[in-house]
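One-letter residues, chain by chain:
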Amino acid sequence: MQKTKTHKKKHFRQGRGDKVFNVVAIIVISLIVIIVLVPLLNVVAASFSSSKAVNAGQVLLWPVDFTLENYRTVLKYDSVWLGYRNTIFYTVAGTVISVMLSLCCAYPLAQRRFSGRKFLNRLLMFTMIFNGGMIPTYMVVRDLNILDTVWAVLLPVAVSFYNVIIIRNFIETTIPVELEESTRVDGCTPFRYFVNFILPLSKPIIAVIAMYYAVAQWNNYFNAFLYLTEKNLYPLQLFLREILVSSKFSAADLDPETAAAIQGLADTLKYVIIVVSTLPLMCIYPFVQKHFVKGVMIGSVKG
Amino acid sequence: MRVKKIKTVIKRDWQYYLFMLPPLAYFIIFKFFPMIGLQIAFRDYTPRGGIWNSAWVGLENIIKFVESYQFERVVKNTFILSIYGLAVNTIIPIAFALIYNAIEKPRFKKVTQTIVTLPHFISVVVLVGIMMQLLNNRIGIYGILYENIFGVYPSDIFGEPKAFRHLYVWSSVWQNFGWNAIIYIATLSGVDAGLHEAAQLDGASRLKRIWHIDLPHLVPTIVILAVMGMGNIMSVGFEKAFLMQNNLNLEYSELISTYVYRVGLSGGTLSDFSYATAIDLFNAVLNLILIFIANKIARRATETSLW
C-alpha cells in the first residue's frame, strides 16, 4: 500500500512534460482520424446530394439539396444487382472451399508426428516467394477448360499458404500435444481426432480465416478480370471497374428516359455506387474487428 | 529395409496424407504447374507446340526484353514505386503505433483503431474510384478546396505523370496504415511495464521512453516485415497500378506486371505468351534474389530473419 502511494507521487511529479506530450499525442491522432474520415464522409455526403450540387462542386462533408433520387436510380441499374448476386455467390462458395482446403492442409502440418511435415512445409512455403506468374497460370486455367466459368473465379485463389500458416500456428500453440498422444493411445485415428477435437477447438481461428477469405473474395477483381468475358458471371467489382474507372454506364441496361438522365447524373451516381458496394463490409467490420486483429497476431508468430 | 520403413510410415500416416491430398492437388495444379509452364519463357510458344514442343530459343526472349526501350522504364518504375511505398508504408504505421500506444484513454483508442482500420476493407476498384472522384479537379473535394484557396481550378492530377507515384503510395498509406499498425500496437502492449516505471523514476520523459524502450522493442517485428516487404518489391501490385493507368501517365505508371499483361493478354491473338512470360520470369527471379539478400542482411545486422 505504502509502496504504491510513493509510486503514484513520483508519477505525478514527473508528469508535467508528459502531460503536454499526451495532449499533443491525442491531437495528432485525432487529426489522423479526421484525415481518414474526410474522404469517406465526402463520398457519403455527395451520394445524398443533388447532381446539380455535385456538378457545381458544392458538396464537402454534408449533403447539399438532400435527395434519395440517386439511390433510386442506382437501384434500377441491373448490373449492380447482377454483380451483387454473383459476388455473394463467389464469396460464400469461395469461402467454404477455401476454409475446407486450408484446414485439411494445416491439420497434418501441425502434427509433430506427421512424417511429411517438414518437407511439405518447405515446399508449400516456396509458393509464397515464387510463382509461375500471370501467363503460365492463365494457361493452366485455360487448359483446364474453366475459362468463363465460376471455377475460374473460385479455384485459382482458393488457398493462401499464409492463411494455412495462421491455422497451423494456432493448432500448434493452443492444442497441447499431450491431447493427441493420449487420444491416440486410446485408439483415436487422425481422422476422428480431427473431427472430435481439432474442429471444435479451432472454431475461433476458423472464424478468422473465413473472414479473411470472404473479404478477399468480395474485393477481388483480378481473377474475374483475367478469366471471364461472360458478363453474366461478372462479380460486382468488375462492374464497378467499368462504372467507376472506365466511366462506362451501359445504356442498354436502362430504359431510354433513365439513360438520358444518367449523362448528367454520372458523377453523382458513382458516389452512390461506392457507398452501396462498400457499405456491407463497413457495417459488419466494427462487430468482428477483434477477430481480424487476432488473426494478425497469430499470423505474426514466425512461420 | 528402406521400403519397409516407408511402408510403416505410410501405414501410420496415411490418414494425414489423405487430408493433404485435396490441398496438395490445389498447389500442384495452380502453383506448380504454372512453374513448369515457365519454360515457355525460353521457347517460341505456339498453341500447336504447347509448353513442351514449341521451338527452344534459349535466352532470346529475356535478351529481347533487356534490350528493349521499355526495359529501363518499367524496371525503374517498378523499383522506385515499391521502395517508396515500402519505406512510407513501414515508417508511418510505426510512428502511428508509437504515438497511439503512449495515449492512455482506452475508449478513445478503441474508436480510433476501428476508424483507421476501416479503409483496409475497401476494394482496390472502389479505392481508385474514390480517388478519381475526390481528386477530380472540378467537382472533387480537392478541386473545390484548391479553387477556394487559389481562385482557379487545378489541372487534372490524374493526367500528370509525376503525380502517379505519390497518388499510388499515399492512397495505400491512407488505406492501410491503421491495419499495418495493428501488429506494432500489439507488440508494444507486450513491453514490460516495469521498464517504463524504472525509466520514469530516473526522470525519462515519455518521448525518451518511446525512443529508448518502445522503439527497440519493435525492431524484430520491423525487420521481419521489412524483409517480407523486400521480397515483394518487384511484384508491386498489378491491380491498383492497372486501374490508375491512363495514356497520359504511362511514362511513370507502366510497371513490369502491367507490361506483362499488355504484352501477354491484352492483345487477343497478337499476344506474345513467351515474351510476356520471359519478362515475368525476369521479375520473379529478381524478386527471389532480393528476398535472399534482404534476409541475409537482416540476419547479420539484427539476428532476426525469415528463415
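Every chain's residues receive numbers from 1 upward, in the order its sequence appears when written. Chains carry letters and ligands carry numbers; both start at the beginning, A for chains and 1 for ligands, and go up in the order they are written. Only residues with pLDDT of 70 or above have their local features reported here, since the model is predicted, and side-chain atom pairs are shown and tallied only from 80 upward, although totals for entire chains, interfaces and linings are computed over all residues.

Enquirer: Quick question: what am I supposed to make of the overall build of chain A here?
Expert: Tallying secondary structure elements over chain A gives 14 helices and zero strands in all. The numbering of helices and of strands both runs from the N terminus, where a helix is a DSSP run of H or I of at least 4 residues and a strand a run of E of at least 2. If you list the helices and strands of chain A from N to C, you get α-α-α-α-α-α-α-α-α-α-α-α-α-α. Here chain A holds 303 residues, and 39% of them are scored as buried. Across chain A, every contact between residues at least 6 apart in sequence was considered, and the portion connecting residues at least 24 apart equals 72%. For the exposure call, what matters is how many other C-beta atoms sit within 10 Å of a residue's own: 20 or more marks it buried, 12 or fewer exposed, and in between partly exposed, using C-beta atoms placed from the backbone. We call two residues in contact whenever the C-beta atoms placed from their backbones are within 7 Å.

Enquirer: What exactly am I supposed to notice about the interface of chain B and chain A here?
Expert: Many descriptions give the size of an interface as the accessible area lost when the pieces come together. Across the boundary between the two partners, chain B contributes 73 residues, which contact 78 residues of chain A. Ranked by residues supplied to the side of chain B that touches chain A, first place goes to helix α1 (residues 2–37) of chain B with 18 residues. Charged residues are taken to be Asp, Glu, Lys and Arg, nonpolar residues to be Ala, Val, Leu, Ile, Met, Phe, Trp, Tyr, Cys and Pro, and polar residues to be all remaining types, Gly included. Counted by class, the side of chain B that touches chain A contains 52 nonpolar, 15 polar and six charged residues.

Enquirer: In this structure, what is going on with the packing of helix α6 (residues 134–143) of chain A against helix α14 (residues 273–302) of chain B? I would like to understand it.
Expert: For any two helices packed against each other, one specifies the crossing angle of their axes together with the interaxial distance. Relative to each other, α6(A) and α14(B) sit at 130°, their axes nearing to 8 Å. Between α6(A) and α14(B), the interaxial angle falls into the category oblique. Facing α6(A), whose interface residues are Met134(A), Ile135(A) and Pro136(A), α14(B) presents Phe273(B), Ala276(B), Thr277(B) and Asp280(B). Residue composition of the contact of α6(A) with α14(B), by class: five nonpolar, one polar and one charged. Fitted lines through C-alpha atoms give the axes, limited to the stretch in contact for helices. The angle between two N-to-C directions lies from 0 to 180 degrees. Any angle that is under 35 degrees is reported as roughly parallel, and any over 145 degrees as roughly antiparallel; angles of 65 to 115 degrees are reported as roughly perpendicular and all others as oblique.

Enquirer: Teacher, can you tell me more about the domain arrangement of chain B here?
Expert: Residues and elements named next belong to chain B. Per the domain assignment, the segments making up chain B are domain 1 (2–56) and domain 2 (69–302). Bear in mind that the domain bounds are from an automatic or database domain assignment. A C-alpha centroid distance of 35 Å is found between domain 1 and domain 2. The interface is formed by six residues belonging to domain 1 together with five residues belonging to domain 2. Of the residues in the side of domain 1 that touches domain 2, the class split is four nonpolar, no polar and two charged.

Enquirer: Explain the domain arrangement of chain A to me, please; I cannot follow it from the model alone.
Expert: All names here are of chain A. When its domains are assigned, chain A resolves into domain 1 (2–67) and domain 2 (70–300). Taken together, the contacts link eight residues of domain 1 with nine residues of domain 2. Among the secondary structure elements, those contributing two or more residues to the side of domain 1 that touches domain 2 are α1 (2–47) and α2 (51–55). The greatest single-element share of the side of domain 1 that touches domain 2, amounting to four residues, is contributed by α1. Partitioning the side of domain 1 that touches domain 2 into residue classes produces four nonpolar, four polar and no charged.

Enquirer: Would you explain the nonpolar core in this entry?
Expert: Most often, soluble globular proteins have nonpolar side chains that are buried together. By size, the foremost hydrophobic cluster in this structure holds 119 residues, and its most contacted members are Ala106(A), Tyr107(A), Ile167(A), Ile273(A), Val125(B) and Ile279(B). Ranked by the residues each element gives to this core, the list is headed by helix α4 (residues 78–109) of chain A, at 10 residues. Setting aside anything within four residues of it in sequence, one finds Ile279(B) in contact with Phe65(B), Ile256(B), Tyr259(B), Val260(B) and Val263(B). For our purposes the nonpolar core covers buried Ala, Val, Leu, Ile, Met, Phe, Trp, Tyr and Cys residues that link as a set through C-beta atoms within 7 Å. Ala25(A), Ile182(B), Ile183(B) and Leu188(B) belong to the second-largest nonpolar core, a separate cluster that totals 27 residues.

Enquirer: Looking at this structure, how should I read helix α10 (residues 190–201) of chain A?
Expert: Turn by turn, an α-helix covers 3.6 residues, leaving residues three or four places apart pointing in a common direction. All buried positions along α10(A) are accounted for by Pro190(A), Phe194(A) and Ile198(A). Buried residues of α10(A) fall within an arc of 45° about the axis and therefore sit on the same side. Away from its buried face, by an angle of more than 90 degrees, α10(A) presents the exposed residues Arg192(A), Val195(A), Asn196(A) and Pro200(A). Turning to α10(A), the residues buried within the fold contact α4 and α8 (161–174) of chain A together with α1 of chain B. Note: the arc covers the axis-to-C-beta directions of the helix.

Enquirer: Is there a simple way to explain the packing of helix α3 (residues 60–67) of chain B against α14(B) in this structure?
Expert: Residue and element names in this part refer to chain B. As a packed pair, α3 and α14 sit with axes 9 Å apart at the nearest point and diverge in direction by 75°. Compared by their axis directions, α3 and α14 come out roughly perpendicular. Contacts between α3 and α14 involve Asn61, Ile62, Lys64 and Phe65 on the former and, on the latter, Ser274, Tyr275, Ala278, Ile279 and Phe282. In the contact of α3 with α14, the residues fall into six nonpolar, two polar and one charged.

Enquirer: Which parts of the structure should I look at to understand the environment of Phe238(B)?
Expert: Residues and elements named next belong to chain B. Among the structural elements, Phe238 can be located in helix α11 (residues 238–244). When the C-alpha atoms of Phe238 and Ile256 are compared, they prove to be 8.6 Å apart, with 18 residues separating the residues in sequence. Setting aside anything within four residues of it in sequence, one finds Phe238 in contact with Ser257, Thr258 and Tyr261.

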